[in-house]
Amino acid sequence: MSGTGGARWPAKGSRQANLLARLDIHRLEDLVLHLPLRYEDETRLTPIGQAQVGASVQIEAEVLSCEVTRPRRQLLARLRDEAGSEIVARWINFYPSLQKQLAPGHWVRLFGEMRGGFFGVEMVHPRHRLVDKGEALPQTLTPVYPTTAGLGQSTLRRLLDVALETVPLDEPLPATILQRLALPGFAEAIHTLHRPPPNVDTRMLMERAHPAWQRIKFEELLVQQVSLRRAYNARRAHEAVSLLPRGMLTHALRERLPFALTSAQRRVMDEIAIDLAASHPMQRLLQGDVGSGKTIVAALAMLQAAENGWQAVLMAPTEILAEQHYRKLASWLDPLGIGIAWLSGGRRKREREAELARLRSGECLLAVGTHALIETPVDLPRLALAVIDEQHRFGVRQRLALREKGTSGARPHMLMMSATPIPRTLAMTHYADLDVSTLNELPPGRTPVHTRLASTARRAEIIARLKAACLEGRQAYWVCPLIEESEALQLKTALETWETLKEALPELRIGLIHGRLKAEEKTATMTAFAAGELHVLVATTVIEVGVDVPRASLMVIEHAERFGLAQLHQLRGRVGRGTAQSSCILLYEPPLSGTARARLKVIFEHNDGFAIAREDLHIRGPGEFIGARQSGLPLLRYADLEQDDALIEPARELAGELLANDPEAVEKLLMRWLGGREGLLRA
Ligand code: ADP
Ligand code: MG
């Protein structure tokens, strides 16, 4: 579709066209869906004498005087309405022309909040309009549109008049659906929202609960469902290697495990085994709270590839985690005589070359690594399964790059794992292009972590407790403050923390780990801690994900208020992995901001990752929650996952129906909402 929808559309490259493009408006059609942020009620006049302080009202009055004051430069106008009540209007920033407009004797309408001021009642920076005394009032609420500097409301309103006149507002939805959901038609909804009729329920409109809003939000959710489903189907249409569950290796591993799989692990394993046997690529998300045992599930899936003679890789976001996975997998697989390659940025060139050769020749079927797996010239001629641990730490492109590693022509099956559970509403919307398996059960014998909050004023007392606990044989993490702005500063703080703790606790063995250490140093420190040779491990957030040292049972997090909810939950998940009662102390620096207080309260009150994720979604909203994943995905502009929960399921059902039976409606919807841009989703 061309960028010009009508004769009066601003010329391509013009200032106005560029401003509109900033709002992602490229055609008149886009303007139709550029809905008001809010409304102002200019249909009524309030006599100054009856206006409540604090209320936003419109008044009509005559200018008595208007002057610029000194020394504090402001424009001060005195006005009087028909009933004889007076008011002061003040502008701190103004163009000189404003003083001319507000010449004594002129009648104006002012719209703004009534305040009790130094000069009596006043309005500061009210919106103003010159009128003839008693001029007719507008009949409808005035829409206020989202805009950008340089593009005025009046321009947007004018363009919208054109759009509403010329763009055909076709109805893509079947009448039966509209009836069943009690929703108005598209044209009616659009007119109501842009040009609310005089008798509209103002409150419902303002709160976006009006049926006209419902209709638009429903259509938006429907479009999201349709495009996600199409992306899902498109990916499913590719060929993949069918990996039959032969059981030779997977059974052998299960027999050797020192524990029995939980029933959740067995169920999820079966779901994955069935997917892997299909001749189209799996696209599955395995979610399970920290410590729910995702690694063994991944290992069993990888063995299913290996027992069919195909390759499988596991990619993890940090070197520490990748190495831990490597060691764990090696300890499980060595006795079975299955080799496994390990690739990370920290490995020496010679070692890496040797690993690469083993993979290239197909001699080695399994590999574990960091993103070195996608960065170095890794050839995986028989890649059939790619597992991504802590998938939210990777971007869309990295995941695609891993998928492209398969050179056999078929697409690898993809298993994404995450300990940040996705709330149900998000799983049904933004993640609807994935099949989801959930580990909803922890291995037996875990005791919930005991969480405490303490102000930094009690640091000395906490250090004393740490000492007592360690002398009793417990092991502890001490997590250094997060300093997002500067890695150098973060490093410095970690070193200082380590020094002070060593000084304060000379009888304890204290190690330090951070992102800048050489790979061997990290390995040595982690190994020493895991073997119980260190009492305390001072760490930056490098230990945030995945680190598994079951004996560690105490964690102190400094400046806990600086961490996000998911991060705190992940960090805390490093303890409570063994049978001992574990505790986590959140040290915070008062005073706390509102959000920080809300976050700490959530982490203090909840141990369950799903509950925490729901609260996180509530505090941060879906845009930020989704983070790295979002690039290329249509985010919702109007529908609110909490408020509009009830619309999701019907949208999902209808999406399936339309895709099967009404390609014309599908085309129309996608054109209208996305202008044919489905982005990275299709990949
Ligand atoms: P996560 O889901 O956080 O990645 P891990 O896979 O690291 O969890 O598992 C956490 C710990 O639990 C590991 O030490 C693992 O060996 C152990 N584990 C996994 N499954 C079971 C089970 N069914 N019974 C007992 N321990 C288990
Ligand atoms: Mg893990």
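You'll find the structure just up there.
Residues numbered from 1 in each chain as written. Chains lettered and ligands numbered in written order. Predicted model: local features only at pLDDT ≥ 70, side-chain atom pairs only at ≥ 80, totals over all residues. Heavy atoms only, no water.

### Here we look at the pairing of strand β21 (residues 552–557)
Most of β21 is tucked away, with six of its six residues classed as buried. When strand β18 (residues 475–479) meets β21, the two strands line up parallel, connected through five bridges. Bridge pairing in β21 links Trp-478 to Val-556. Here β21 runs beside strand β22 (residues 583–588); their pairing, made up of four bridges, is parallel. Looking across to β22, one finds that Ile-557 is bridged to Leu-586. Remark: the β21/helix α20 (residues 565–572)/β22 crossover connection has right-handed handedness. (Buried < 20%, exposed > 50% of the residue type's maximum accessible area, 1.4 Å probe, protein only. Helix = DSSP H or I, 4+ residues; strand = E, 2+ residues; numbered from the N terminus. Pairing = 2+ DSSP bridges. Right-handed = clockwise from strand over helix to strand, strands pointing away.)

### Section: the side chain of Thr-250
Relative to the assigned elements, Thr-250 resides in helix α9 (residues 248–256). Judged by its relative accessible area of 10%, Thr-250 is buried. The contact partners of Thr-250, leaving out residues within four places of it in the chain, are Leu-300, Leu-303, Gln-304 and Glu-307. (Contact = heavy atoms within 4.5 Å.)

### Some details on the environment of Phe-94
Within the secondary structure, Phe-94 sits in the loop between β4 (86–91) and α3 (96–101). Separated by 20 residues in sequence, Phe-94 and Gln-74 have C-alpha atoms that sit 8.1 Å apart. Not counting residues up to four positions away in its chain, the partners in contact with Phe-94 are Val-68, Arg-73, Gln-74 and Leu-75.

### Some remarks on the pattern of salt bridges
Scanning the entire structure with this criterion turns up 34 salt bridges. For Arg-127, the salt bridge identified is with Glu-42, shortest N-O distance 2.8 Å. Linking Arg-127 in strand β8 (residues 127–131) with Glu-42 in the loop between β1 (38–40) and β2 (56–69), this pair joins segments that are 85 residues apart in sequence. Owing to a relative accessible area of 36%, Arg-127 belongs among the partly exposed residues under this scheme. (Salt bridge = Lys/Arg side-chain N within 4 Å of Asp/Glu carboxyl O.)

### Digging into the nonpolar core
Within the largest apolar cluster, 82 residues are counted, with the highest numbers of intra-cluster contacts made by Leu-31, Ile-190, Ile-216 and Leu-222. The biggest single contributor to this core is helix α8 (residues 211–236), with eight residues. Sequence-distant contacts of Leu-222, defined by excluding residues within four places in its chain, comprise Leu-173, Ala-651, Leu-654, Ala-655, Leu-658 and Leu-669. Among the nonpolar cores identified, the runner-up in size contains 43 residues, and Leu-243, Ala-301, Trp-310 and Leu-329 belong to it. (Core = buried A, V, L, I, M, F, W, Y, C linked by side-chain atoms within 4.5 Å.)

### Regarding unusual backbone geometry
Along the chain, Arg-70 connects to Pro-71 via a cis peptide bond; the corresponding omega equals 0°. For Pro-71, the location among the structural elements is in the loop between β2 and β3 (74–81). In this chain, Pro-590 is followed by Pro-591 through a cis amide linkage whose omega measures 0°. Looking at where Pro-591 falls in the secondary structure, it is placed in the loop between β22 and α21 (594–605). Within the chain, Ala-182 stands out as a residue other than glycine whose phi angle is a positive 55°. One can find Ala-182 in the loop between α5 (175–181) and α6 (186–194). For Ala-182, a relative accessible area of 58% puts it in the exposed group. Backbone geometry places Glu-390, a non-glycine residue, at a positive phi of 50°. Relative to the assigned elements, Glu-390 resides in the loop between β14 (383–388) and α15 (396–403).

### Concerning the site of ligand 1
Neighbouring ligand 1 are 17 residues; Gly-291, Lys-294, Thr-295, Arg-446 and Asp-548 lie closest to it. Between ligand 1 and Gly-293, the relevant distance is 3.0 Å, taken from an oxygen atom to a main-chain nitrogen or oxygen of the residue. Between ligand 1 and Lys-294 there is a distance of 2.8 Å, counted from an oxygen atom to a side-chain nitrogen or oxygen. Calculation on ligand 1 without its partners gives an accessible area of 560 Å², and the protein chains cover 88% of this total. Grouping the constituent residues of the shell around ligand 1 by class yields five nonpolar, six polar and six charged. (Near = heavy atom within 4 Å. Polar contact = N/O pair within 3.5 Å; in protein donor to acceptor, adjacent residues only side chain to side chain. Areas by Shrake-Rupley, 256 points an atom, 1.4 Å probe, with all protein chains shown as cover. Nonpolar A, V, L, I, M, F, W, Y, C, P; charged D, E, K, R; others polar.)

### A few points about the environment of Met-302
Its place among the elements puts Met-302 in helix α11 (residues 294–306). Look past the residues within four positions of Met-302 in its chain and what remains in contact with it is Ala-312, Val-313, Leu-314, Leu-329, Leu-366, Ala-367, Leu-385 and Val-387.

### Things to note about the packing of α8 against helix α23 (residues 645–661)
Their axes nearest at 8 Å, the elements α8 and α23 cross at an angle of 55°. Accordingly, the angle class assigned to the pair α8 and α23 is oblique. Seen along the crossing, α8 lies across α23 with a hand that is right-handed. From α8, Gln-214, Lys-217, Phe-218, Leu-221, Leu-222, Gln-225, Val-226, Arg-229 and Arg-230 reach across to α23, where they touch Leu-647, Ile-648, Pro-650, Ala-651, Arg-652, Leu-654, Ala-655, Gly-656, Leu-658 and Leu-659. Across the contact of α8 with α23, the residue classes tally to twelve nonpolar, three polar and four charged. (Axes fitted to C-alpha atoms, helices over the stretch in contact; angles between N-to-C directions. Parallel < 35°, antiparallel > 145°, perpendicular 65-115°, else oblique. Left-handed = near helix turned anticlockwise from the far one by under 90°.)

### Remarks on the sheet that holds strand β20 (residues 536–539)
The strand order β17-β22-β21-β18-β20-β19 describes an open sheet built from six strands, whose pairing is parallel. Strands at the two margins of the open sheet, each flanked by one partner only, are β17 (450–455) and β19 (510–513). In this sheet, neighbouring strand axes are inclined to one another by 20° on average, regardless of whether the strands run parallel or antiparallel. The sheet contact formed by β19 and β20 spans four bridges and is parallel.

### Comments concerning the packing of α23 against helix α24 (residues 663–674)
At a minimum axis separation of 6 Å, α23 and α24 run at an interaxial angle of 120°. Side by side, α23 and α24 meet where Leu-658, Leu-659 and Asn-661 of the first sit next to Pro-663, Ala-665, Val-666 and Leu-669 of the second. Looking at side-chain class alone, the contact of α23 with α24 contains six nonpolar, one polar and no charged residues.

### Let's talk about helix α1 (residues 15–22)
Within α1 the residues assigned to the buried category are Ala-17, Leu-19 and Leu-20. When α1 is viewed along its axis, its buried side chains cluster within an angular range of 160° and face the same direction. Structural note: α1 exposes Arg-15 and Arg-22 on the side pointing more than 90 degrees away from its buried face. (Arc of directions from axis to C-beta.)

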